[in-house]
Amino acid sequence: MANFELLTGVDVQLMQGLAQRVTATRPDLVNSDASFGELAWNWGKGHASDGASWQRRLWFSGGELVAWSWAHLPRQVRRNDGSVKDVTDAYLAYQVHPGHAGLVDEVIDWYDGTAADLERTVVPSAADEFALKRWTAHGYETDPASLGDTGSWTQLNQRDLTDVEQPVLPDGFRFRTADEAGPEAVVRAHLDAWAPSAYSAEAYQGVRQTAAYRGDLHLLVEAPDGTMASSTIMWLDEANRTAEFEPVGTHPDYRRQGLGRAMLLHGMRLARAAGATHMTVACLGAPGHPRARGLYYSVGFREFTRDAPLIKTATA
């Protein structure tokens, strides 16, 4: 059975359930945009502003979700500096259970039909050889933007939580949770780290309303002057006893002081106390993007798998 319409919060919970089942058996097949935490983050922060441009289709077998497509269609993105970005192409997030791998052809046909007059991009897992062959057969090619030292591909990093170093902050800095800091400070921390950004109080409210969000696992570092200098959210997948950092950011004025490293170590210790035995975090993988990768490697993460960005031009 299949159906399609605009993506809802109920859909996202079903999609997270599929992500958990895939993670349990073939974690290398989980695309960077289809993980348990990434689904909650992307839905939460964007549905109020972009939800009208999000079309989806779901595939079920025996009443259980086994595949989904989430098409991001053209829209305008308004950022906090007053600028407006026109998104004119289409992007697809998707996931297919490995036991129903053949459904990828239906995913591709649906995407091509939904966005036929647009340039289309998608990022399958590089480990999914079957899916990559099917996308290629449908006319998708490696995205040129992903090539070279400054390519746009994403790698997924992982580590276990058996032995996590004790974090050390500079004098006068302290750890806070979002529950302690409050919404205004949390939003400001994100905007400071990612400016210009479309994030807003409304976006954070959407994040808080996702079923996976926990304010006690949303971590910040407060500077002596009260500025929230770094922040990250941890998404706990209790079924697989794993947690994911997404996003991770630091105010430009407070970088290179060890705040991000200390925050990640403290976060992993919190995640372990919450029941996680394993941690993941994604970053750009090309050689020209060393900063985040170096930070994650410094606290024990190593590359596990990566995406393979593909593109297809508009149908004439």
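Look up a bit, the structure's there.
Let me begin by describing the structure that accompanies this report. (Residues numbered from 1 in each chain as written. Predicted model: local features only at pLDDT ≥ 70, side-chain atom pairs only at ≥ 80, totals over all residues. Heavy atoms only, no water.)

A few points about the pattern of salt bridges
Phase 1: A full pass over the atoms with the stated rule returns 14 salt bridges.
Phase 2: When the shortest N-O distance is used, the salt bridge between Arg 134 and Asp 105 registers 3.0 Å. Of this pair, Arg 134 sits in helix α4 (residues 129–137) while Asp 105 sits in helix α3 (residues 104–114), and the two are 29 residues apart along the sequence.
Phase 3: Here Lys 312 and Asp 112 are joined by a salt bridge, their closest N and O atoms 3.1 Å apart. Here Lys 312, found in strand β16 (residues 310–312), pairs with Asp 112, found in helix α3; they are 200 residues apart in sequence, far enough to count as distant. (Salt bridge = Lys/Arg side-chain N within 4 Å of Asp/Glu carboxyl O. Helix = DSSP H or I, 4+ residues; strand = E, 2+ residues; numbered from the N terminus.)

Considering unusual backbone geometry
Phase 1: Along the chain, Ala 195 connects to Pro 196 via a cis peptide bond; the corresponding omega equals -10°.
Phase 2: In this structure, Pro 196 sits in the loop between α6 (183–194) and α7 (201–208).
Phase 3: Although it is not a glycine, Arg 241 adopts a positive phi angle of roughly 55°.
Phase 4: Positionally, Arg 241 belongs in the loop between β12 (228–237) and β13 (242–250).
Phase 5: Notably, Arg 256 is not glycine yet its phi reads approximately 65°, a positive angle.
Phase 6: Note that Arg 256 resides in the loop between β13 and α8 (259–273).

Examining the pairing of strand β5 (residues 84–87)
Phase 1: Of the pairings in the sheet, the one linking strand β4 (residues 75–78) to β5 comprises 4 bridges and is antiparallel in character. Residue pairing across strands places Arg 75 opposite Val 87, the latter belonging to β5.
Phase 2: Where β4 folds back on β5, the antiparallel hairpin that results is connected by 5 residues, among which Gly 82 adopts a positive phi of roughly 90°. (Pairing = 2+ DSSP bridges.)

Regarding α8
Phase 1: For α8, which comprises 15 residues, the first-to-last C-alpha distance of 21 Å matches the rise-based estimate of 21 Å (1.5 Å per residue) to within 8%.
Phase 2: By the burial criterion, the buried members of α8 are Leu 259, Gly 260, Ala 262, Met 263, Leu 264, Leu 265, Gly 267, Met 268 and Ala 271.
Phase 3: Positive backbone phi, approximately 115°, marks Gly 275, located one or two places after α8. (Expected span 1.5 Å × (residues − 1). Buried < 20%, exposed > 50% of the residue type's maximum accessible area, 1.4 Å probe, protein only.)

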